[in-house]
Amino acid sequence: QVWLVESGGGMVVTGGSLRLSCKSESGFSTNDMGWFRQAPGKEREWIAVSRWRPPLTYYRRSVEGRFTISRDTTDNAVYLRMDSLKPEDTAVYYCAAVRKYGQQWINKSNNWGQGTQVTVSA
């Protein structure tokens, strides 16, 4: 089981940028890693995935071209760079080790960290 801590959230205006961090003391090993978010009143959804092998990335259409997922095995961290933020990006953001389930990516362990809040004002 991989224990993860998310950080880097905050309040920005439309068009702003943030970089979220997800760190694990035990490292991510060879896990595929993903970022999810949950907006008020909505279900949690995956938004970005970094595969270990092959080293591919995948994005939900609503964030493609604006968000970039990356991983640093030296620092045991996964990052989410978010540019051109919109009010609809307001949510709590989580990271997790993931696996494919049909056309979706899901949390491999179903355990979640505390997440980090991102608020984008108009």
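What you are looking at is a predicted structure, and each value in this text was computed from that prediction instead of being measured.

Asker: Please clarify how the sheet that holds strand β3 (residues 18-23) should be interpreted in this entry.
Answerer: Two pairing modes exist for strands in a sheet, parallel and antiparallel, and in both the strands are linked by backbone hydrogen bonds. Taken in spatial order, the 4 strands line up as β1-β3-β8-β7 in an open sheet, and their pairing is antiparallel. Both edges of this open sheet fall to β1 (5-7) and β7 (67-72), since each of them pairs with a single strand only. Between one strand and the next, the sheet's axes are offset by a mean angle of 15 degrees, whatever the strand orientation. Looking at chain direction, β7 and strand β8 (residues 77-82) are connected through 6 bridges and run antiparallel. Within β8, the residue paired with Ile 69 across the bridge is Leu 80.

Asker: Whenever I open this one, the packing of aromatic side chains confuses me. Can you help?
Answerer: To describe a pair of aromatic rings, one takes the distance between the centres and the angle between the planes. Under the counting rule described, the total for this entry stands at 3 aromatic pairs. Ring centres 5.6 Å apart and planes at 35 degrees place the aromatic pair Tyr 58 and Trp 105 in the tilted group. Of the two residues, Tyr 58 is situated in strand β6 (residues 57-59) and Trp 105 in strand β10 (residues 104-107); the sequence distance between them amounts to 47 residues. Where Tyr 94 meets Trp 112, the ring centres are 5.6 Å apart and the plane angle is 70 degrees; that geometry is what we call edge-to-face. Here Tyr 94 is found in strand β9 (residues 91-101), whereas its partner Trp 112 is found in the loop between β10 and β11 (116-121), with 18 residues between them in sequence. You can call Tyr 94 buried: its relative accessible area is 11%. Since its relative accessible area comes to 28%, Trp 112 is described here as partly exposed. One aromatic cluster is present, built from ring pairs that chain together Phe 36, Tyr 94 and Trp 112. Above the face of the Tyr 79 ring, Arg 19 is positioned so that its terminal group lies 4.0 Å from the ring centre. If you follow Arg 44 out to its NZ or CZ, it ends over the ring of Tyr 94, 4.4 Å from the centre.

How each quantity is defined
- Residues numbered from 1 in each chain as written.
- Predicted model: local features only at pLDDT ≥ 70, side-chain atom pairs only at ≥ 80, totals over all residues.
- Heavy atoms only, no water.
- Pairing = 2+ DSSP bridges.
- Helix = DSSP H or I, 4+ residues; strand = E, 2+ residues; numbered from the N terminus.
- Axes fitted to C-alpha atoms, helices over the stretch in contact; angles between N-to-C directions.
- Phe/Tyr/Trp six-rings, centres within 6.5 Å; stacked < 30°, edge-to-face > 60°.
- Buried < 20%, exposed > 50% of the residue type's maximum accessible area, 1.4 Å probe, protein only.
- Lys NZ or Arg CZ within 6 Å of the ring centre and 35° of its normal.

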